[in-house]
Amino acid sequence: MRVSELPKPSPERLLKQVQAEESKRWGAKLKIFLGYAPGVGKSYRMLDEARRRHERGEDVVVGAVQGQQSEDVQALLRKLELIPPLQTPEGQPIDLDAILRRAPQVCVIDPLAAQNPPGSRNAYRWQDVQELLRNGISVLSSVNLLHVEEYKDKVQTITGKNTTETIPKSFLLAADDIVIVDVPPDLCLWRQGEKLTSTGISNFQERQLSELRELALLLTAEVVDAQLESYVHAHGIEPVFGTHERFLVCVTPRSNAPAMIESGERNKERFQGELHAVYVCEPGRSKRERVTIRRYFDAAKKAGASTKVLESNDPISAIVEFAREKRITQIFIGHSDHNTWRDRFFGDPVLRLIRAAEGIDVRVFPH
Amino acid sequence: MPKPADTPRGSLKVYLGYAAGVGKTFQMLADGHAAAQRGVDVVVAYFEPHARPDTIGQAQGIETLAHRKIEYRGKTFEEMDTEAVLQRGPTIALVDELAHTNIPGSARSKRWEDVQILLDAGIEVWTTMNVQHIESLNDQIWQITGIQVRETVPDGVVRQAAEIVAVDVTPDALLNRLKRGAVYKPEMVEKALTGFFKGSNLGALRELALRQAAHEVDLRQSAYDETRAFQVPRISEARRTGPADNQPKERILIHITADPSTAMLIRRGRRVADYLHADCTALFVHQTSELSQLPAEERQGIEKHLRFARSLQIETQVLGGSDVPKTVVEFARRNQVTQIFVAHSEVLLLDRLRGKNFYENIVRLAQDLQVTVVADRSRRQVS
C-alpha cells in the first residue's frame, strides 16, 4: 500500500498510540550521555544524575565503571551501590545475572561500547543493556563519538585513533533520551592533563577536537529531530517547521535541473541539511521527457537527494503537499519560460506556487 | 584598576541553551569555580537575584560584585554595575543573561552593550543566553513556537565569542525541574507548561540550539584554518575544498520596503549569507525624486529597516527610480548579484493594479537571476 493510500489516523488509533507511548514511559528507559572525546565529563554528568535519582528515592545501582576515574567521579561512586563486573582473563563483562537478580530500577553502565569475552551470553555490552531494558531496568550509559560504528572512520580520519569496540548508530536513535556533554576543547585537554590555553581554538589538537565536537552536536541534533518527528506523529499534531534546513528541488524537463541540484547540494552541505527532488508527472507526458527526468534524478541521488515522482493533475498542490509532509524550508523551482493558454488563464505557475507555499521560502532559478 | 589603552580585547564565552532552566548559569558558575580554584581572578559581575537554590550554591566561593540599584516608577531594579566591574578589573567576569534589556535610566539599553565595554577594557567575559535570543533566528522561533521573542542579541555579538558551549538537558528532565518548582515560581509554572514549554516546542528549540552550536563551532574552525597552512581533515565534502574553491562567491541582495515583513527578510538574508559565506547588500528604491519627499510614516519605516540591516553588518544602498522592480533587477545585474531576496508580502488588489506588487514583478523581470521569495513565518502552519 502506498503511503498516500493509508487512511488518516482515527482518533481512537491516535489515542492508542499515545497510550502505548505512555505505557513505555512507565517501563524501562535508556538514557545515553554522548561525548566527543575522553575528558568531556560524561561519566561525571551521568553519575551525578544517578546520585540525584538515588537521593530522590529511586533504586539505583552501578553495573560497570570506567577504568580511570577522577576524584570527583570517585566521590560520586562512593555514594552508590556497585555490582562488581565479572573478572575474566579476557575482560570485565557486567554481571548480568547478578543485576537481574538484584532488579534495581536504574542501572549505570559506563561505558556502553564494550565487547564481551568469548563465551558470554551476548557478544556486545549494548546487547546486555537491551536485556536489562527488556527486564524493566532503566539504564544510564555513556558513549564516545569514536565508538559509534558509523562515525568510527570519520573520527579515525581526523585523529588517527581507531577502535574495535563500537555500538550501532541505530542503538542511539532508539534511545529514549540522549544528552550531549559539551565542553570547549581546551578544557577537555586540560582534564587529560594538558596545559589550559585560552578560550577558542589555539592549537592543532584543539582543532581536531573541535571537528569531533561539531560531529557530536550534529549527531545529537539528528537524534532529537527523529524524536521530534515520532512525537509529532504519535500526538497527531501539525509538523514543526524550521528546525532544520530542508531543500526541495522541483525538476521539470525544461528546467535547468543540473544547476538547481548543484546549488541544492551546496546548500545541503553548508546548512548540514536535507535535500529532496521531485518530479510531478502529469498524464500524457512523453517518453523522451521521462528519460530526461531519469537522468536528472540520477544526478540528484549522487548529490545526496531523495527522489520521488508525484502523480497529479495539479502540480502545485502536489508539490506543496509533499513539502509540508517533509517539513521543507526552501523550494527550488525554475522560472516559467513558456506561456501556455493555461498559464494565461490561471496565472504564472511559479507565482501560484509562491502563493500556495505559505511559510516556505521559494527560490526561483534561471533556465 | 582600569587597564591601559593598548590592552588586547577580552575574549567572550557564551553558554548557549534552549530554554530557561536547562542549567546555563549553573554550568557557567561551575566552570568559574573551577577557574577560581586554579588561581584565576574570577568575579560574578551579574547574576539573577531570583536564581534557583542549586545555582546560588554554585556562586558561593566566587567573589560577587554588588549590583547597581536603579529606581524606576517607584520600584527598585538591579542591573550590572559596569563601572564597578571596570574598577575591580578581574581577569574573568561572569555576566548572566546576555539578552537582558536594562531598565530605562541605565547608561546603556542592553546588557550586551555593557559586555562590550568590559571586553574593550580587556576583561574576559563569560555569559549565558538561549538560542531564541539570536536575532537572525527570531522568525524561525516565531514559526516554531508561535511566540515572538522581544529581547534579542545581534548575530555579530554572538559571532565575537571565542567559544560557544552548548548546555544540553533532555526535555523530560527540564519538565521535571519545572514541575518541581526549580525554574519558575509555582504561579508561573502552569503558564509556562502551556506556552513556551509545550511538548514539541522544547524538542524543536533543542534541535535548533544544537545545530546553532555546531554552526558556531564550524565557523571558528574556518577562522582558525584560514590562518594555518596545515589542515585538519574536515567532515563535509563540500567544505573540504574550502571557501576559496572554484565556486564563484555568492552575492545576496535584499530588497527593502517599508513593509514590516522587511525585518524578517533582513534576518533571513543575514542567516543564509552566513551559511553560504556570501556577501550581503540591502537596497531601497524610492519612486520620488528625493528620499525626503516620502510620506513621514514610510520614511521612518525605511530608515528603521536600513538601520537594522546595518546593525547586522549588511551594506545598505538607496537608489531613486520610478520603476522599482526594474531598478532592483538592474542593480543586481550591474553588481554581479547571484540571489535577490524579496518578501512574500500580502498584496492588495489596488496595489497590484498600481504595479506595487514588487515581488511578482521582480520574479518576472529577473529571468536570468535567482530570486528567493522569503515566506512570512509569523503565521503558523495549519495542514
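Not measured: the values here are computed from a predicted model.

## Digging into the overall build of chain B
Next up, step 1: In terms of regular secondary structure, chain B is built from 15 helices and 13 strands.
Next up, step 2: A burial count over chain B gives 56% of its 383 residues as buried.
Next up, step 3: Pairs at least 24 residues apart make up 74% of the contacts formed inside chain B by residues separated by at least 6 positions.
Next up, step 4: For chain B, the exposed area adds up to about 16700 Å²; of that, 52% sits on carbon and sulfur atoms.

## Let's talk about the overall build of chain A
Next up, step 1: Counting its regular elements, chain A contains 14 helices and 11 strands.
Next up, step 2: Counting every position in chain A, which comprises 367 residues, the buried fraction comes to 52%.
Next up, step 3: Considering only contacts in chain A between residues 6 or more positions apart, those separated by 24 or more positions represent 72%.
Next up, step 4: Carbon and sulfur atoms make up 50% of the accessible area of chain A, which totals about 17500 Å².

## Some remarks on the interface of chain B and chain A
Next up, step 1: Each partner contributes to the interface: chain B provides 76 residues, whereas chain A provides 76 residues.
Next up, step 2: Buried surface at the junction of chain B and chain A, both sides included, amounts to about 7000 Å², of which 54% is carbon and sulfur.
Next up, step 3: Remark: the boundary between chain B and chain A carries seven salt bridges.
Next up, step 4: Salt-bridge contacts for D172 of chain B lead to K29 of chain A; the nearest nitrogen and oxygen are separated by 2.8 Å.
Next up, step 5: Connecting chain B to chain A are 24 residue pairs in polar contact (both at pLDDT 80 or more).
Next up, step 6: In terms of residue count, helix α9 (residues 199-226) of chain B provides more of the side of chain B that touches chain A than any other element does, 17 residues in total.
Next up, step 7: In terms of residue class, the side of chain B that touches chain A is built from 30 nonpolar, 18 polar and 28 charged.

## Structural notes on the environment of R73 of chain B
Next up, step 1: Mapping R73 of chain B onto the fold places it in the loop between β4 (68-72) and β5 (75-79).
Next up, step 2: Taking C-alpha positions, R73 of chain B is 10.0 Å from P104 of chain B, a pair spaced 31 residues apart along the chain.

## A short note on the confidence of the model for chain B
Next up, step 1: The predicted model of chain B averages 85 in pLDDT, with 88% of residues at 70 or higher.
Next up, step 2: In this model residues 237-245 of chain B is a low-confidence stretch, pLDDT under 50, and it forms 11 contacts with partners more than four residues away in sequence or in other chains.

## Some points on the sheet that holds strand β1 (residues 12-17) of chain B
Residue and element names in this part refer to chain B.
Next up, step 1: Pairing within the open sheet is parallel, and its six strands lie in the order β3-β2-β6-β7-β1-β8. Of all the strands in the sheet, just β3 (63-64) and β8 (163-166) have a single pairing partner and so form its edges.
Next up, step 2: Across four bridges, strand β2 (residues 42-46) lies against strand β6 (residues 92-95) in parallel orientation. Bridge pairing links V44 to L94 in β6.

## Section: helix α1 (residues 24-37) of chain B
Next up, step 1: Look at α1 of chain B: 20 Å from first C-alpha to last across 14 residues, which is about the 20 Å you get at 1.5 Å a residue.
Next up, step 2: Along α1 of chain B, the residues classified as buried are K24, T25, M28, L29, D31, G32 and A35 of chain B. Taken around the axis of α1 of chain B, the buried residues stretch over an arc of 160°, which confines them to a single face.
Next up, step 3: Buried residues along α1 of chain B sit against α8 (185-191) of chain A together with β1, β2, α2 (53-59), β6 and β7 (124-130) of chain B.
Next up, step 4: Backbone geometry just downstream of α1 of chain B places G39 of chain B in the positive-phi region, at approximately 95°.

## A short note on the sheet that holds strand β6 (residues 177-180) of chain A
Note on sheets: strands pair through backbone hydrogen bonds, and any given pair is parallel or antiparallel.
Residue and element names in this part refer to chain A.
Next up, step 1: Taken together, the six strands give an open sheet; going across it, the order is β3-β2-β4-β5-β1-β6, and neighbouring strands pair in parallel fashion. Both edges of this open sheet fall to β3 (81-82) and β6, since each of them pairs with a single strand only.
Next up, step 2: Pairing of strand β2 (residues 60-64) with β3 involves two bridges; the strand directions are parallel. The partner of V62 across the bridge, within β3, is L82.
Next up, step 3: Seen against the sheet, helix α2 (residues 42-55) touches β1 (30-35), β2, β4 (106-109), β5 (138-144) and β6 and runs at an angle of roughly 165° to β5.

## Looking at the pairing of strand β8 (residues 274-281) of chain A
All names here are of chain A.
Next up, step 1: Extensive coverage of β8 is indicated by the burial of seven of its eight residues.
Next up, step 2: Direction of pairing for strand β7 (residues 246-250) relative to β8: parallel, over a ladder of five bridges. Following the sheet pairing, V249 is matched in β8 by A277.
Next up, step 3: For the crossover that starts at β7, traverses helix α10 (residues 257-271) and ends in the parallel β8, the hand is right-handed.
Next up, step 4: As defined by bridge partners, β8 adjoins strand β9 (residues 306-311) across six bridges and the pair is classed as parallel. Across the sheet, residue H276 finds its bridge partner in β9, namely S306.
Next up, step 5: Note that the unit made of β8, helix α11 (residues 287-302) and β9 has a crossover that is right-handed.

## A closer look at the packing of aromatic side chains
Next up, step 1: A full pass over the atoms with the stated rule returns eight aromatic pairs over all chains.
Next up, step 2: In this structure an aromatic cluster arises from ring pairing among F247, F271, F332 and F365 of chain A together with Y275 of chain B.
Next up, step 3: For the cation-ring pair, R38 of chain B lies above W190 of chain A, with the distance from its terminal atom to the ring centre recorded as 4.7 Å.
Next up, step 4: The ring of Y46 of chain B carries the charged tip of R111 of chain B above its face, separated from the ring centre by 3.8 Å.

## What to know about the nonpolar core
Next up, step 1: Ranked by size, the top nonpolar core spans 135 residues in total, and within it Y36 and L132 of chain A together with Y18, L94, L118 and F197 of chain B carry the most contacts.
Next up, step 2: Among the elements that make up this core, the one with the highest residue count is helix α9 (residues 204-235) of chain A (11 residues).
Next up, step 3: Listed in part, the 44 residues of the second largest apolar core include L275 of chain A together with I252, A278 and C280 of chain B.

## As for the environment of I137 of chain A
Residues and elements named next belong to chain A.
Next up, step 1: Mapping I137 onto the fold places it in the loop between α5 (125-134) and β5.
Next up, step 2: Look at I137 and you get buried, because its relative accessible area is 2%.
Next up, step 3: Considered as a pair, I137 and L353 are 216 residues apart in the sequence and their alpha carbons are 52 Å apart.
Next up, step 4: Other than its neighbours up to four places away in sequence, I137 contacts A28, I99, L100, A103, P104, Q105, V106, C107 and L132.

## What about the packing of helix α14 (residues 349-356) of chain A against helix α15 (residues 358-365) of chain B?
Next up, step 1: At their nearest, the axes of α14 of chain A and α15 of chain B sit 11 Å apart, and the two run at 140° to each other. Classified by the angle their axes make, α14 of chain A and α15 of chain B are oblique. The handedness of the crossing between α14 of chain A and α15 of chain B is right-handed. Contact residues: α14 of chain A offers V350, L351, I354 and R355 of chain A, while α15 of chain B offers Y359, E360, V363 and R364 of chain B.
Next up, step 2: Looking at side-chain class alone, the contact of α14 of chain A with α15 of chain B contains five nonpolar, no polar and three charged residues.

## Structural notes on the packing of helix α5 (residues 138-145) of chain B against α9 of chain B
Working note: a packed helix pair is described by the angle between its axes plus the distance between those axes.
Residues and elements named next belong to chain B.
Next up, step 1: α9 packs onto α5 with a crossing angle of 155° between their chain directions and a minimal axis gap of 10 Å. By the angle between their directions, the pair α5 and α9 is classed as roughly antiparallel. α5 and α9 meet at a crossing whose hand is right-handed. Note on element contacts: α9 touches α5 through N201, A204, L205 and L208, opposite Q140, I141, I144 and T145.

Conventions we followed
Residues numbered from 1 in each chain as written. Chains lettered and ligands numbered in written order. Predicted model: local features only at pLDDT ≥ 70, side-chain atom pairs only at ≥ 80, totals over all residues. Heavy atoms only, no water. Helix = DSSP H or I, 4+ residues; strand = E, 2+ residues; numbered from the N terminus. Buried < 20%, exposed > 50% of the residue type's maximum accessible area, 1.4 Å probe, protein only. Contact = heavy atoms within 4.5 Å. Areas by Shrake-Rupley, 256 points an atom, 1.4 Å probe, with all protein chains shown as cover. Buried area = accessible area lost by both parts, 1.4 Å probe. Salt bridge = Lys/Arg side-chain N within 4 Å of Asp/Glu carboxyl O. Polar contact = N/O pair within 3.5 Å; in protein donor to acceptor, adjacent residues only side chain to side chain. Nonpolar A, V, L, I, M, F, W, Y, C, P; charged D, E, K, R; others polar. pLDDT = per-residue confidence, 0-100. Pairing = 2+ DSSP bridges. Expected span 1.5 Å × (residues − 1). Arc of directions from axis to C-beta. Axes fitted to C-alpha atoms, helices over the stretch in contact; angles between N-to-C directions. Right-handed = clockwise from strand over helix to strand, strands pointing away. Phe/Tyr/Trp six-rings, centres within 6.5 Å; stacked < 30°, edge-to-face > 60°. Lys NZ or Arg CZ within 6 Å of the ring centre and 35° of its normal. Core = buried A, V, L, I, M, F, W, Y, C linked by side-chain atoms within 4.5 Å. Parallel < 35°, antiparallel > 145°, perpendicular 65-115°, else oblique. Left-handed = near helix turned anticlockwise from the far one by under 90°.

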